[in-house]
Amino acid sequence: MNDPAPDTSDSTGTSGPRDAADLPRMDRRRLLLRGGVGGALLLGGAALGRGTAQGQPLDDGAQGHAGEDYDGAGAAHTGTTHDDLERLGLVRGGYGHGPQPPRDLDDALIDALTHPPAPSSGSGEMSIAVTETRWPVAEGAAVDAWAYGGRVPGPVLRITAGERLRVTVDNRTGRGHNLHLHGSHDPQMDGWEPIPPGGSFTYDVAPGPAGLHPYHCHLAPYAEHLRRGLYGLMIVDPPGGREPATEVTLVLSGFDLTGSGTNDVYAFNGICGLYDRHPIVVPAGELVRAYVANMVEGEAVGSFHLHAQTFDVYRTGTGEAPHEHTDVVTLGQGERAMLEFRLPAKGRYMFHPHQHHMVERGAMGWFTAI
């Protein structure tokens with residue numbers, strides 16, 4: 001695609017949580033596995049049309065002429081139809097996994113979006129710049145994003161319960177923004193006051209409880225700030241840590257490509273089909289811990305479904321015992337869960353929301369157990 005690679009240079013961390021720019025390149029084995037498994041899932045699509053790139057509505061075909069597209073549950077979604085995405089080259093034929101990621105994504109960025117930083121030891125210090133950037137949501141498609149650290153979702157914050165986390169946010173845009181943390185903390189650090197253009201603020205918190213908590217911008221118009229990408233995750237580990245596991249983060253979100261105010265495509269970790277082309281490699285039989293959050297703006301629910309296996313659900317990532325054992329977890333806006341499972345047999349295990357219009361428009365992927 002013609003858009004430059006996303007800017008990851010605006011966020012630096014001195015200790016504690018890290019950003020994409022600080023992470024090493026992936027090791028050779030994982031690169032080979034990623035390329036080998038995902039190489040057959042390439043998209044041969046065209047770029048978005050000129051009118052679409054300027055935020056103009058698409059010319060609907062017969063199926064979406066009234067501006068409504070229906071999923072299997074009968075829910076109406078205003079905006080582009082599945083046929084529109086096919087005409088734009090954003091949907092492959094056959095199974096219909098939907099839009100695919102840009103071919104030239106940097107491996108360090110993929111790794112940073114997929115795997116959280118290691119648990120902290122001591123107080124965490126981090127600087128995050130809020131920037132305006134062109135974020136590549138799919139091959140041939142990008143959005144004008146407002147982004148923490150130049151990426152969508154923003155970098156994962158990680159701290160142990162009882163420790164202090166200091167996050168300095170520099171607003172490098174022409175409008176006010178802030179950073180609101182979910183969970184428990186000092187109300188003076190709640191992040192509802194604006195950081196003016198060119199300004200900065202340091203949030204100094206001892207966050208809790210141990211679990212998974214999103215962060216996001218909390219200024220009006222709220223929906224636009226989230227729809228444009230101003231959100232991320234914070235992991236608060238329990239004292240003493242958790243059982244060792246392969247850890248991944250999966251943030252479900254939607255993107256408006258046409259300026260209609262509705263979601264046209266969906267993604268885990270900000271890029272459509274990222275884990276369709278680049279499956280997440282995990283060791284067969286070993287523990288996997290997935291931190292899953294629903295940050296889709298404008299729709300009542302999202303969900304996560306794992307094929308061929310079941311998982312323990314820790315709602316909000318809290319508690320020492322799982323709240324349920326299932327293969328589908330449903331999440332409202334801003335809700336999250338920590339999931340633990342093992343993939344006993346070698347092979348590929350699909351995952352996706354159980355809202356099927358989201359699957360068809362980019363939110364599906366694979367775990368590959370080796």
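What you are looking at is a predicted structure, and each value in this text was computed from that prediction instead of being measured.

Asker: What is the right way to read the overall build of the chain from this model?
Answerer: Counting its secondary structure elements, the chain contains seven helices and 22 strands. Burial analysis of the chain (370 residues in total) assigns 57% to the buried set. Long-range contacts, defined here as pairs at least 24 residues apart, represent 74% of the contacts in the chain between residues at least 6 apart. Within the structure as shown, the chain displays about 14,300 Å² of accessible surface, and the carbon and sulfur contribution to it stands at 50%.

Asker: Which parts of the structure should I look at to understand the packing of aromatic side chains?
Answerer: Two measures describe an aromatic ring pair: the distance that separates the ring centres and the angle between the ring planes. This model, assessed by the stated rule, comprises nine aromatic pairs. Seen from their ring centres, Phe 268 and Phe 304 are 6.3 Å apart, and the 80° between their planes marks the pair as edge-to-face. Taken together, the residues Phe 268 in strand β13 (residues 265-268) and Phe 304 in strand β16 (residues 301-306) connect sequence positions 36 residues apart. For the residue pair Phe 268 and Phe 304, the accessibility class agrees, reading buried in each case. Look at Phe 304 and Phe 311: their rings are 5.9 Å apart centre to centre, the planes differ by 55°, and that puts the pair in the tilted class. By the burial criterion, Phe 304 is buried, and Phe 311 matches it. Three or more aromatic residues joined by ring pairs form one cluster here, namely Phe 268, Tyr 275, Phe 304, Phe 311, Phe 341, Phe 351 and Phe 367.

Asker: So what exactly am I meant to see when it comes to the confidence of the model for the chain here?
Answerer: For residues with low pLDDT, the predicted coordinates do not support detailed interpretation. In this model, the chain carries a mean pLDDT of 79, and residues with pLDDT of at least 70 account for 73%. Here residues 1-78 is a poorly scored stretch, pLDDT under 50, and it has 166 contacts once near neighbours within four places are set aside; other chains count. Within the model, pLDDT remains below 50 along residues 92-96, and this stretch shows nine contacts once partners closer than five positions in the same chain are excluded.

Asker: What am I meant to see in the side chain of Thr 249 here?
Answerer: Among the secondary structure elements, Thr 249 is positioned in strand β12 (residues 246-255). Accessibility expressed as a relative area gives 2% for Thr 249, which makes it buried. Here the side chain of Thr 249 touches Leu 113 through a polar contact of 3.1 Å, landing on its backbone oxygen.

Asker: Looking at this structure, how should I read the pairing of strand β10 (residues 211-216)?
Answerer: Successive side chains on a regular strand alternate, one facing one side of the sheet and the next facing the other. With six of its six residues buried, β10 lies for the most part within the structure. Neither face of β10 is exposed, since Gly 211, His 213 and Tyr 215 on one face and Leu 212, Pro 214 and His 216 on the opposite face are all buried. In terms of strand pairing, strand β8 (residues 180-181) meets β10 through two bridges, oriented antiparallel. Residue pairing across strands places Leu 181 opposite Tyr 215, the latter belonging to β10. When β10 meets strand β11 (residues 231-237), the two strands line up antiparallel, connected through six bridges.

Asker: What exactly am I supposed to notice about the environment of Thr 326 here?
Answerer: With respect to the element layout, Thr 326 can be found in strand β18 (residues 324-326). Put simply, Thr 326 and Phe 311 are 15 residues apart on the chain and 5.6 Å apart in space, counted from C-alpha to C-alpha. Non-local contacts of Thr 326, meaning those with residues more than four positions away in its chain, are made with Thr 310, Phe 311 and Val 313.

Asker: Mind showing me how you'd approach the sheet that holds strand β15 (residues 287-294) here?
Answerer: Think of a sheet as strands paired side by side through backbone hydrogen bonds, with each pair either parallel or antiparallel. Strand order in this open sheet of six strands is β13-β12-β15-β20-β17-β18, and the pairing throughout is mixed. Every interior strand has two partners, whereas the edge strands, β13 and β18, have only one. Here the average twist between neighbouring strands, direction ignored, is 25°. Of the strand pairs in this sheet, strand β17 (residues 311-315) and β18 are connected by three bridges, and their pairing is antiparallel. The partner of Phe 311 across the bridge, within β18, is Thr 326.

Asker: Which parts of the structure should I look at to understand the environment of Ala 369?
Answerer: Relative to the assigned elements, Ala 369 resides in strand β22 (residues 365-369). The exposure class assigned to Ala 369 is buried, which follows from its relative accessible area of 3%. For the pair Ala 369 and Gly 285, spaced 84 residues apart in the sequence, the C-alpha separation amounts to 8.1 Å. Dropping the residues within four chain positions of it, Ala 369 is found in contact with Val 282, Ala 284, Leu 343, Ala 345, Lys 346, Gly 347 and Tyr 349.

Asker: How do you make sense of unusual backbone geometry when you look at a structure like this?
Answerer: Excluding glycine, most residues fall at negative phi; most peptide bonds, likewise, are trans. Going from Val 152 to Pro 153, the amide bond is cis rather than trans, its omega being -5°. Locating Pro 153 in the fold gives a position in the loop between β5 (141-148) and β6 (157-160). For the bond running from Gly 208 to Pro 209, omega is -10°, close enough to zero to count as cis. One non-glycine residue, Ala 308, lies in the positive phi region at around 65°.

Asker: I tried to follow the nonpolar core on my own but got confused; where do I start?
Answerer: Side chains of nonpolar character tend, in soluble globular proteins, to be buried together. If you look at the biggest cluster of nonpolar residues, it comprises 59 residues, and the most contacted ones within it are Trp 135, Leu 250, Phe 304, Leu 306, Leu 339, Phe 351 and Phe 367. Once residues lying within four places of it in the same chain are set aside, the contact partners of Leu 339 are Val 288, Arg 289, Ala 290, Val 292, Phe 304, Phe 311, Asp 312, Val 313 and Val 329. Counting residues in hydrophobic clusters, the runner-up holds 22 residues, among them Met 126, Leu 179, Cys 217 and Leu 219.

Thresholds, definitions, all that
Residues numbered from 1 in each chain as written. Predicted model: local features only at pLDDT ≥ 70, side-chain atom pairs only at ≥ 80, totals over all residues. Heavy atoms only, no water. Helix = DSSP H or I, 4+ residues; strand = E, 2+ residues; numbered from the N terminus. Buried < 20%, exposed > 50% of the residue type's maximum accessible area, 1.4 Å probe, protein only. Contact = heavy atoms within 4.5 Å. Areas by Shrake-Rupley, 256 points an atom, 1.4 Å probe, with all protein chains shown as cover. Phe/Tyr/Trp six-rings, centres within 6.5 Å; stacked < 30°, edge-to-face > 60°. pLDDT = per-residue confidence, 0-100. Polar contact = N/O pair within 3.5 Å; in protein donor to acceptor, adjacent residues only side chain to side chain. Pairing = 2+ DSSP bridges. Axes fitted to C-alpha atoms, helices over the stretch in contact; angles between N-to-C directions. Core = buried A, V, L, I, M, F, W, Y, C linked by side-chain atoms within 4.5 Å.

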